[in-house]
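# Coordinate inspection notes
So you can see what is in the structure, the chains are spelled out below.
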Amino acid sequence: MVDMSTSLSGTVLPNPIMTASGCAAAGRELGQFIEVAALGAVVTKSIMLAPRAGRATPRMAETPSGMLNSIGLQGPGIDAFLERDLRWLVEAGARAVVSIAGSSVAEYGALAERLPASAGVTAIEVNISCPNVESRGEVFACDPVAAGAVLAAVRSAADPAVPVFAKLSPDVTDLVSVAAACAEAGADGLTLINTLLGMAVDPVSMRPVLAGTTGGLSGPAIRPVAVRAIWQVHRALPAVPIMGVGGVRTGLDALELVLAGAAAVQVGTAIFGDPSAPVRVLGELEAALAERGFGKLTDAVGFAHRVTG
Ligand SMILES: Cc1cc2nc3c(=O)[nH]c(=O)nc-3n(C[C@H](O)[C@H](O)[C@H](O)COP(=O)(O)O)c2cc1C
């Protein structure tokens, strides 16, 4: 038996495997296939202050070893989320990592204020891959100053007992500078990575496949980018806990992210083909760690850095 527990900035979870934001709604849909309480945590779809319809269809497209989506931040708004979704997760015994998204710094702060530990929030994940309406629509995650401003606002508005994680975009030249700005602004940890911006054109209609033109690329195709991002950030900021995400389908995929420096691993696109994937990945990861002689998951976190020097 391997001790699979992990610590995210002082919050101990029984195991490191989670759903990725946007790939299991608020967990309830998954509840018919798996016991959500068996996961380290359920990361909920990014929630905004007001209800939103999301983008026009079509908004999904298959790609080689992955998919493009332009769902947008479709959701019920924070009031309905707290009343219905968070309550369901808490009653199911799940640990809830609540993903928030905003279009201004103030909106992020207002959301964080509504998510105390007493409501059953295990951690807040701050999705900063959103356009900043106060800065000509520039994505917060692409600018260290804007990213830091969001994280400072969230950290000061959030319950001190709730760890705050910044979820970063790989679509930047210098990821470490964005990561460092978030950590300096008070982020307790980082989630790496959000989708990569992609696009597909239909050779028959000769038009963009997605109604939203561009979309986020996810799935196995992006796993090497996730591994690289985790590796670079863990090397530069070894004390900052990382939740790794990107293309994980198996326990060996999860192990790769852990060895690069992830203390937790989220499963996203794989859930669409196999809703029980997170539970399967957990079992496979435990077996893979045991086979390699690890008694504790935490001993494997960042192990690849130690062996390559
Ligand atoms: C359909 C879909 C919706 C997503 N929605 C969100 C979201 O609301 N917030 C967010 O931070 N990431 C969202 N993501 C990104 C995932 O959480 C994850 O970072 C990304 O898909 C890479 O992991 P994967 O390859 O395992 O899917 C979404 C991804 C997909 C495929």
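To keep things clear, this report deals only with the structure shown in the data block. (Residues numbered from 1 in each chain as written. Predicted model: local features only at pLDDT ≥ 70, side-chain atom pairs only at ≥ 80, totals over all residues. Heavy atoms only, no water.)

## Some thoughts on the overall build of the protein chain
What counts, and what does not: Think of it this way: any DSSP run of H or I at least four residues long counts as a helix, any run of E at least two long counts as a strand, and we number them from the N terminus. For this measure, only C-alpha atoms enter the radius of gyration; the expected value for a globule follows 2.2 Å times N^0.38, where N is the number of residues. Accessible surface is estimated by sampling points in the Shrake-Rupley manner with a 1.4 Å probe; for residues, cover comes only from the protein chains shown. This count recognises Lys and Arg as positive and Asp and Glu as negative, with His and chain-terminal groups excluded. We put the charge of a Lys on NZ, of an Arg on CZ, of an Asp on CG and of a Glu on CD.
Counting its regular elements, the protein chain contains nine helices and 18 strands. For a compact globule of 309 residues, the expected C-alpha radius of gyration is about 19 Å, and the protein chain comes in at 18 Å, within 12% of that figure. Dimensions of the protein chain, computed from the C-alpha atoms along their principal axes, are close to 50 × 50 × 40 Å. For the protein chain, the accessible area works out to roughly 12,500 Å², and carbon and sulfur atoms hold 57% of it. For the protein chain, the distance from the average site of its 21 positive side-chain charges to the average site of its 27 negative ones is 3 Å.

## A short note on the site of the ligand
So the rule is basically this: If even one non-hydrogen atom of a residue comes within 4 Å of a molecule or strand, that residue is called near it. Pairs of N or O atoms within 3.5 Å make up the polar contacts considered here, provided that, within protein, one atom can donate a hydrogen while the other can accept it, and that residues adjacent in sequence are counted only when both atoms are side-chain atoms.
With respect to spatial proximity, 24 residues lie near the ligand, and among them Ser21, Ser46, Lys167, Gly247 and Thr269 are the closest. The separation between a nitrogen atom of the ligand and a polar side-chain atom of asparagine 127 is 3.2 Å. The contact in question runs from an oxygen atom of the ligand to an N or O atom on the side chain of asparagine 194, over 3.5 Å. Burial of the ligand by the surrounding chains reaches 97%, relative to a free accessible area of 600 Å².

## What to know about the sheet that holds strand E18 (residues 264-267)
Put simply, the rule is: Pairing between two strands is assigned when DSSP locates at least 2 bridges connecting them. Contacts are assigned to residue pairs with any non-hydrogen atoms lying within 4.5 Å of each other. Convention adopted: a line fitted to C-alpha atoms gives each axis, helices being fitted over their contacting stretch, and angles between N-to-C directions are expressed from 0 to 180 degrees.
Spatially, eight strands are ordered E3-E18-E17-E12-E11-E8-E7-E4 in an open sheet, and the strand pairing comes out parallel. Edge positions in the sheet fall to strand E3 (17-19) and strand E4 (42-43), since each of these pairs with one other strand and no more. The pairing of strand E8 (residues 121-127) with strand E11 (residues 164-168) spans four bridges and is classified as parallel. In the strand pairing of E11, valine 126 is matched with alanine 166. This element, helix H6 (residues 251-260), spans E3, strand E17 (242-245) and E18 of the sheet and lies at about 140° to E18. Of the strands in this sheet, E3 and E18 touch helix H8 (residues 277-291), which is tilted by about 165° from E3.

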